[in-house]
Amino acid sequence: MRILYLGDIVGEDVLSVIEKNLSRIKKENNINIVLANAENVAKGRGLTKDLYKRLMTAGISGLSMGNHTFAKSQIVDFIDESNIARPANLYNVPGKEFLQIKYNTKTITLINVLGRVFMNGSSDCPFRTIDRIISSVKSDYYIIDVHAEATSEKIALANYLDGRVSAIVGTHTHVQTADERKMNKGTLYISDLGMCGPYDSILGDEIEPIIERFITGVYKPTKPANGKMVLNGAILDLTLNKITRFHEEY
Ligand SMILES: [Fe+2]
Ligand SMILES: [Fe+2]
């Protein structure tokens, strides 16, 4: 069982790249299932129904989200019936707290949690949230997207869950880390998958307004940049228990 997990998809230009290339990528890498983080697809913040449908048609089976899950309010109209695992440690919000995907005889459970360090949010404890779900939900494989800023929090979760889940992939920073590994008790891990989006950008958005925001402290609206695109993620081989970083440029 080989899974390609793509990091935060930023904007519609890179969605077109995914639409054009995903079937080739799946073939070349013997991929059975594609998962992705979709919190930034709609102009960098959130997800609309049209874009959700395009992701599904492109060949992605399951999506995780993040701190921008509800940035486009229309998501509440379709999230309950979607293939989206929203952050499980949000209290009393629409959407599924885990997503189950069947492949042949196997079941994969996708769980998405938000970190709490440097995240300005009010989410419940990600450690206890995952404990609660994996102890009550039967599955052949559990894959966790830890959407968090701090590598310390992600690595703490990896050690806490080692041997109890199949893989833990980090998202949110949009910068791919070079620390992919198999943990001591067998869980596959990477601190961040990186983003799918514009290469010459600041985490996917146009450069100039963000530099100005840092210098002046005045908020300027931003949007995804154009130009060269990158796809970042990781291939999780759940049969051989091996993780490989994925990176392509267009
Ligand atoms: Fe993101
Ligand atoms: Fe995020």
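This report concerns the structure included in the present document. (Residues numbered from 1 in each chain as written. Chains lettered and ligands numbered in written order. Predicted model: local features only at pLDDT ≥ 70, side-chain atom pairs only at ≥ 80, totals over all residues.)

1. Observations concerning the overall build of the protein
Definition in use: Strands here mean DSSP runs of E at least two residues long; helices mean DSSP runs of H or I at least four residues long; both are numbered from the N terminus. The globule rule used for comparison is 2.2 Å times the number of residues to the exponent 0.38, while the radius of gyration itself is calculated over C-alpha atoms. C-beta atoms are first placed from the backbone for all residues, and any pair lying within 7 Å is then listed as a contact.
Looking only at helices and strands, the protein has five helices and 13 strands in total. For the protein, whose C-alpha radius of gyration is 17 Å, the value lies close to the compact-globule estimate of 18 Å for 250 residues. Put simply, of all contacts in the protein between residues at least 6 apart along the chain, 65% involve residues at least 24 apart.

2. Let's talk about the sheet that holds strand β8 (residues 167-171)
Whether parallel or antiparallel, the strands of a sheet pair through hydrogen bonds between backbone atoms. This is how the line gets drawn: Only strands joined by at least two bridges in the DSSP assignment are considered to pair. Axis lines are fitted through C-alpha atoms, for helices just across the contact stretch, and the angle between N-to-C directions can take any value from 0 to 180 degrees.
Spatially, β5-β6-β7-β8-β10-β9 is the arrangement adopted by the six strands of the open sheet, whose pairing is mixed. Since the sheet does not close on itself, it has two edges, and those belong to β5 (99-103) and β9 (181-182), each with one partner. When strand β7 (residues 141-147) meets β8, the two strands line up parallel, connected through five bridges. Paired with D145 across the bridge in β8 is V169. Strands β7, β8 and β10 (188-190) of the sheet are contacted by helix α4 (residues 151-161), whose axis makes an angle of about 170 degrees with β8.

3. Overview of the pairing of strand β1 (residues 2-6)
Selection rule: Three exposure classes are used, all based on how many other C-beta atoms lie within 10 Å of a residue's own C-beta (placed from the backbone): buried at 20 or more, exposed at 12 or fewer, and partly exposed between those limits. A right-handed crossover is one whose linking path, passing over the helix from the first strand to the second, runs clockwise when the strands point away from the viewer.
With four of five residues buried, β1 is to be regarded as a mostly interior element. Bridge analysis of β1 against strand β12 (residues 229-237) gives five bridges, and the strand direction is antiparallel. Residue pairing in the sheet places R2 in a bridge with D237 of β12. The sheet contact formed by β1 and strand β2 (residues 33-37) spans four bridges and is parallel. Paired with L4 across the bridge in β2 is V34. In this region the chain leaves β1, passes through helix α1 (residues 12-28) and returns to the parallel neighbour β2; the handedness of that crossover is right-handed.

4. Let's talk about the nonpolar core
Rules: By convention in this section, buried Ala, Val, Leu, Ile, Met, Phe, Trp, Tyr and Cys residues joined through C-beta atoms within 7 Å make up a nonpolar core.
Y5, A36, I144 and I168 are the most contacted members of the largest nonpolar core, which has 64 residues in total. Every residue in contact with Y5, bar those within four places of it in the chain, is listed here: L35, A36, V169, L193, G233, A234 and L236.

5. So, the packing of α1 against helix α2 (residues 49-58)
The cut-off we apply is this: These descriptions rest on fixed angle ranges, namely under 35 degrees for roughly parallel, over 145 for roughly antiparallel, 65 to 115 for roughly perpendicular, and the rest for oblique. Here is the rule for handedness: rotate from the far helix to the near one, and if that takes an anticlockwise turn smaller than a right angle the crossing is left-handed, while a clockwise turn gives right-handed. Residues were grouped as follows: Ala, Val, Leu, Ile, Met, Phe, Trp, Tyr, Cys and Pro as nonpolar; Asp, Glu, Lys and Arg as charged; and all remaining residues, including Gly, as polar.
The N-to-C vectors of α1 and α2 enclose an angle of 20 degrees; their axes lie 9 Å apart at closest approach. On the basis of their axis angle, the class for α1 and α2 is roughly parallel. Like other packed secondary-structure pairs, α1 and α2 cross with a definite hand, here left-handed. Of the residues in α2, those touching α1 at L15, I18, E19 and L22 are L51, R54 and A58. Of the residues contributing to the contact of α1 with α2, the split by class is five nonpolar, no polar and two charged.

6. Concerning unusual backbone geometry
Of note in this structure, N30 is not a glycine but carries a positive phi near 50 degrees. You can see N30 is positioned in the loop between α1 and β2.

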